[in-house]
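# Topology and contacts: notes
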Amino acid sequence: MGSPVIAILGTGSYAPEKILTNDDLSKIVDTSDEWIFSRSGIRERRIAGENETTSQMAASAARAALADAGLTAADIDLIIVATMTPDLPMPATACFVQSHLGVPTHAACFDLNAACSGFLYALDTAWAMLGSGRYRHALVIGAEKMSSVLDWTDRTTCVLFGDGAGAVVLGPARGTAQMIGVKLYAEGAHAGLLCIPNGGSNPPVPANGTVLAPRAITMKGREIFKIAIREMEDAARDILEQHQVSAAQINCVIPHQANLRIIEVIAQYLELPMESFFVNLDRYGNTSAASIPLALDEARRSGRVKPGDTTLFVAFGAGLTYGSALVRW
Ligand code: UT7
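Conventions and cut-offs
- Residues numbered from 1 in each chain as written.
- Predicted model: local features only at pLDDT ≥ 70, side-chain atom pairs only at ≥ 80, totals over all residues.
- Heavy atoms only, no water.
- Helix = DSSP H or I, 4+ residues; strand = E, 2+ residues; numbered from the N terminus.
- Rg over C-alpha atoms; globule rule 2.2 N^0.38 Å.
- Buried < 20%, exposed > 50% of the residue type's maximum accessible area, 1.4 Å probe, protein only.
- Contact = heavy atoms within 4.5 Å.
- Areas by Shrake-Rupley, 256 points an atom, 1.4 Å probe, with all protein chains shown as cover.
- Domains from an automatic or database assignment.
- Buried area = accessible area lost by both parts, 1.4 Å probe.
- Salt bridge = Lys/Arg side-chain N within 4 Å of Asp/Glu carboxyl O.

## Some remarks on the overall build of the chain
The helix and strand inventory of the chain stands at 10 helices and 13 strands. Computed over the C-alpha atoms, the radius of gyration of the chain is 19 Å, within 12% of the 20 Å expected from 2.2 N^0.38 for a compact globule of 329 residues. In terms of its C-alpha atoms, the chain occupies a principal-axis envelope of roughly 60 × 45 × 35 Å. Here the chain holds 329 residues, and the buried ones make up 54% of them. Partitioning the contacts of the chain with sequence separation of at least 6, the portion at a separation of at least 24 is 77%. Of the roughly 14,000 Å² of accessible surface on the chain, a fraction of 52% belongs to carbon and sulfur atoms.

Below is the structure:
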């Protein structure tokens, strides 16, 4: 018996209520709506409540995805949460999600950190596990509380990110929908360009009472910008070539929502009109691992992704990780 054909059976998303506009930010740091919008395409982002956790946002997105798939928590035997902002360093946020949803104890639950490419890494991992025939239905979730790892005095980073979650249910294909391919990459030599330099085991917490700065993202934006374009173009071309799909056959490209200028250059390099790209970063900013599944859910619910379509996902993020995926609906 061959591997089961696996497809995305449902999608869901969640965005916190609180909206933080560029004008709001200009009251906190030395910036302006004009600068943020012209350099990034972002107008506003959502910010989670102080006590709202990544796992709660993930569970809300997952509930919507389960409803969309016509399944319940009892059907799930695998949960993977892609996040770099877990509720706690341990245990895994996926275990909290399991508990919020009432997913049975025979489910495997774990987190995966590939930063903004995390959703594609989690999708490939779940696909492989389901393809083995040993798991049947997976929740693959990207969820981030980026507001918890931002330095709100650093205008070069705090204006770019937002909070939210997106989820898909992966399972045995119904009809013609199916996963076609995923390609994942990493360039660890560039790890220092985008990182949270403390809060892990290196460097160790000083024993002499020195107080470490709060955990916060540091980024060499200009360098990342150039590498991201090269990586995303390569990842998109590789997967199209591998599966002998032309760019023109893609009905919708759902890119990682980091910067509109990056997306415009990718469109130009792939010789695709901007209309082929689904963009919602103007309203959410960069939600890291949540970015693609949040955009995907909006694209499906707005009719931008329809049954029979072929969709290309393409992402890059800290690591530097990057990747692409082709999905038929
Ligand atoms: O998921 C991966 C996440 N990472 C990324 O997506 C990063 C990719 N990079 C980018 O998106 C862009 O590089 C940024 C949006 C971060 C920055 O745009 P840029 O056109 O590369 O600007 P820059 O960093 O070259 O900065 C230009 C100027 C600088 O001033 P000087 O040195 O020219 O006087 C900055 O200090 O803009 C200044 N600046 C700001 N001004 C107003 C930087 N941040 C701000 C700000 N408001 N928020």
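## A few points about the domain arrangement of the chain
Here the domain parsing of the chain yields domain 1 (6-175) and domain 2 (180-328). The centre of domain 1, based on its C-alpha atoms, is set 14 Å off from the matching centre of domain 2. Counting from both sides, the interface comprises 52 residues of domain 1 and, opposite them, 45 residues of domain 2. Together, the buried faces of domain 1 and domain 2 total about 3,600 Å²; carbon and sulfur atoms form 64% of this surface. Three residues, C116, L120 and Y121, lead the burial of domain 1 against domain 2; their summed loss comes to 18% of the area buried on that side. Between the two partners, domain 1 and domain 2, sit 1 salt bridge.

## Thoughts on the environment of A92
Position of A92 relative to the elements: it lies in the loop between strand 4 (78-82) and helix 4 (93-101). Between the C-alpha atoms of A92 and W152, which are 60 residues apart in sequence, the distance is 27 Å. If we skip the residues at most four places from it in the chain, A92 touches F110 and D111.

## Looking at the pattern of salt bridges
Counting across every chain of the model gives 8 salt bridges. For K306, the salt bridge identified is with D309, shortest N-O distance 3.7 Å. Assessed through its relative accessible area of 43%, K306 is described here as partly exposed. According to the relative accessible area criterion, D309 is buried, its value standing at 7%.

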